[in-house]
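Chain and residue survey
Now for the letters of each chain:
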Amino acid sequence: MNAAVATSVFGAFMVLTVALGLLAVRGRGGGGGLAEWSVGGRSMGTVFIWVLMAGEGYTSFSYLGAAGWGYNTGAPVLYVLAYMSCGYAIGYVVGPMLWAYARRHGLVGITDIVAHRYRRPWLGAAVALLATVCLLPYIQLQITGMGVVVSTISYGTISLNWAYFIGFAVTTAFVVISGLRGSAWVSVLKDVLVIATLGFLAVYVPLHYFDGYGPFMDRIVAEKPQWLTFPGHGSGGLGQLWFLTTTVVNSLTVVIFPTTVAGYLGARNADALRRNAMYLPFYNVLLFVPMLLGMAALFVVPGLTGADSNLALFKLVVDSLPAWAVGVIGVAAALSSIVPMAVFMLVIGTMWGRSVLGAIPRLANRQQNRQKLWSQLVVVAAGAVALLLTYTAPSTLVRLSLISYEGMAQLVPMLLLGLVWRRLTLRAAVSGLAAGFSLVCVLVFRGHDPVWGVNAGLVGLVVNVAVALAVTWLGPRDTDDDRPDAEVLALDDVFPADSPESSREDSPESSSEVSPEDSPEDSPEEGADPVRASSPSS
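Now for a look at the structure at hand. For every chain, the first residue of the written sequence is number 1, and numbering continues from 1 along that sequence. In keeping with the predicted nature of the model, local features appear solely for residues at pLDDT of at least 70, side-chain atom pairs appear and are counted solely at 80 or more, and the whole-chain, interface and lining totals rest on all residues. Side-chain numbers here rest on the full set of heavy atoms in the structure, without hydrogens or water.

1. Focus: the side chain of S355
- Going along the chain from the N terminus, every DSSP run of H or I of four or more residues is numbered as a helix, and every run of E of two or more is numbered as a strand. By secondary structure assignment, the location of S355 is in helix α15 (residues 323–356).
- Identification of polar contacts relies on pairs of N or O atoms within 3.5 Å, with a donor-acceptor requirement for protein atoms, meaning one able to donate a hydrogen and the other able to accept it, and with residues adjacent in sequence counted only if both atoms are side-chain atoms. There is a polar contact of 2.6 Å between the side chain of S355 and the side chain of T111.
- Not counting residues up to four positions away in its chain, the partners in contact with S355 are T111, D112, P121, G124, A125 and T350. We call two residues in contact when some of their heavy atoms are within 4.5 Å.

Structure follows, in structure tokens:
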């Protein structure tokens, strides 16, 4: 009976999720072109951008991983709060810069941006391949997280294998139909449930099991003091230096992560991004709840080891709450997998449809209008690959996930430094990326992360920048790029929200003009460079 009630609640909300995706694109001509599908027509305001980007931060990790880290190690898990808050501060500057650059040149992602900056379509394709390697593990992790949630709230009646497939099927159908706008709509539902469920659990668990926060904290201090200090309990090298360096490298990485940039480019104007950067840190307060509840589980369900520690929070929920409440909390956790997984899949699809398949001259010149279709097909393929590896070789993607953030950090110089410093050459940017990424792979896969307490990603990033600067200063300059600075760099030309220029560009009617496949004058002619053709001022 408990399983029937909880799964019925879950099923009803999954139907509602798909329905919201359909409503999000109603009246938009089947979802519009690639820009409408991938960046929401660049027309989303502060509220939608806020819930969308908060949705990327609140994944299944919020219910499973954060509680698991709290259960296993304690204090080191606070790095999540530190780097996300610092990342929002950096995003206050970086978000509007990338938004303005992409809007001015009709670009829809980081692969477009680097291809346009360095005028090399193959570079966009190479970045798409690198980013896919770093994003696929996150899709697999969300599939796994949602599968664990579904199986747990069904009291074991739904097997993990079927639960994995349900997560893949619902998310794939949802993102193919609705794109980024649908993810933003569902993020509203998700955020209401996340705030409600975590707020309830923050009060219920300490009162139910410990008679309040005072006795709970007293017991931790008396019996588990290692969990309240660095490097935590059994966490190896996760000390203060690791905490600081991980915060630095992750806060730089999160602002150029492809899914974050997708959120930036979906904004109506730059001020929406600035307000968003100010409001998002308040949302981080909720992350304290699963971290503390993970430590509370030490006394309620002791002895969890390995992957079972990620179930610390749900063990508390399933053992003490009625089935309908378990179902609602499970829905919040499942939507915390669906929304970020949808954005990950959408970004991979857009990168491949635009920068990989779109970089093939024959396809780019003859079938420009099919970029959205290609992107949707890649979404299905990426999800299927992640699902297949979840079943057959889960350790493969788990190992790749070790380099996801640290590997993506190596794109920071190529992207951000390249947009503000004209002298950074193509050769220098690629050399730095190759050196930094190779070093990160060697350090991580040989078990040297952290290195003397320092995050390996920061070590790679320092080498990356050093190599890029050395090649720029000592090597030859790029002589084949005669474009003006306004065409190459992200200059300070972001219009205020109330200016006539912003009003004109931010109107829904004008959103279709930035999509190359929807604009006749932006379509490349036979034999044209697709990157230069994407810019009206080229």
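2. What about empty space enclosed by the protein?
- The rule is simple: put a 1 Å grid over the protein atoms alone, call a set of points where a 1.4 Å probe fits but cannot get out a cavity, call an open set with protein on both sides within 12 Å along at least five of seven lines a pocket, and count a residue as lining if it has an atom within 4 Å of a point. Grid points are joined across faces, edges and corners, and a volume is the space filled by probe spheres set on the points. One pass over the full model with this rule turns up three cavities of 30 Å³ or more.
- V108, G109, P258, A262 and V347 are the residues nearest the centre of the second largest cavity, which is lined by twelve residues in total.
- Secondary structure elements with two or more residues in the lining of the second largest cavity: α11 (258–265) and α15.
- Taken together, the residues of the lining of the second largest cavity sort by class into nine nonpolar, three polar and no charged. In this count, Pro and Cys sit with the nonpolar residues alongside Ala, Val, Leu, Ile, Met, Phe, Trp and Tyr, while Asp, Glu, Lys and Arg are called charged and the others, Gly among them, polar.

3. Some words on the nonpolar core
- Residues Y63, L98, I139, F314, L411, M414 and L416 are the most contacted members of the largest nonpolar core, which totals 154 residues.
- Among residues more than four places away in sequence, those in contact with I139 are M341, F344, M345, I348 and A386. By nonpolar core we mean a set of buried residues, namely Ala, Val, Leu, Ile, Met, Phe, Trp, Tyr and Cys, connected to one another through side-chain atoms within 4.5 Å. Only protein chains enter the area calculation, which uses a 1.4 Å probe; residues under 20% of their type maximum are buried, those over 50% are exposed, and those in between are partly exposed.

4. As for helix α21 (residues 426–445)
- Residue count minus one, scaled by 1.5 Å, sets the expected span of a helix. Between its terminal C-alpha atoms α21 stretches 28 Å, which fits the 28 Å expected from 20 residues at 1.5 Å a residue.
- Regarding α21, the residues found buried are L426, A428, A429, G432, L433, G436, F437, V440, C441, L443 and V444.
- Of the surrounding elements, those touching the buried residues of α21 are α6 (110–118), α7 (121–153), α19 (404–408), α20 (412–420) and α22 (456–474).
- G447 occupies a position one or two residues after α21 and carries a positive phi of about 80 degrees.

5. Concerning the packing of α6 against α20
- To obtain an axis, a line is fitted to C-alpha atoms, over the contacting stretch when the element is a helix, and the angle between two such axes runs from 0 to 180 degrees between their N-to-C directions. Contact geometry of α6 with α20 gives a least axis separation of 10 Å together with a crossing angle of 45 degrees. Between α6 and α20, the interaxial angle falls into the category oblique. When you trace α6 past α20, the crossing you get is left-handed. Residue-level inspection shows I110, I113, V114, R117 and Y118 of α6 in contact with α20, the latter providing M414, L415, G418 and L419.
- Here the residues of the contact of α6 with α20 are counted per class, giving seven nonpolar, one polar and one charged. Reported orientations rely on four angle classes, namely roughly parallel under 35 degrees, roughly antiparallel over 145, roughly perpendicular from 65 to 115, and oblique for the rest. Definitions for this section: a left-handed crossing has its near helix turned counterclockwise from the far helix by less than a right angle. A right-handed crossing has that turn clockwise.

6. Regarding the environment of W374
- Structurally, the position occupied by W374 is in helix α17 (residues 371–392).
- Considering only alpha carbons, one finds W374 and W352, 22 residues apart in sequence, at a separation of 7.8 Å.

7. Some words on helix α12 (residues 270–283)
- Along its 14 residues, α12 runs 21 Å from first to last C-alpha, staying within 8% of the 20 Å computed at 1.5 Å per residue.
- Within the sequence span of α12, burial applies to A270, A272, L273, N276, A277, L280 and Y283.

8. Overview of the packing of aromatic side chains
- A pair of Phe, Tyr and Trp rings is counted when the ring centres sit within 6.5 Å of each other, with Trp represented by its six-membered ring. The angle between the planes then sorts it: under 30 degrees is stacked, over 60 is edge-to-face, the rest tilted. Applying the stated criterion to the full structure yields 18 aromatic pairs.
- Between Y83 and Y405 the ring centres are 5.8 Å apart and the planes differ by 65 degrees, which places this aromatic pair in the edge-to-face class. Residue Y83 is found in helix α5 (residues 79–105), and its partner Y405 is found in helix α19; the two are separated by 322 residues along the sequence. Across the pair, Y405 and Y83 agree in class, each one buried.
- Taking 6.4 Å as the distance between ring centres and 65 degrees as the angle between the ring planes, the aromatic pair formed by Y138 and Y405 counts as edge-to-face.

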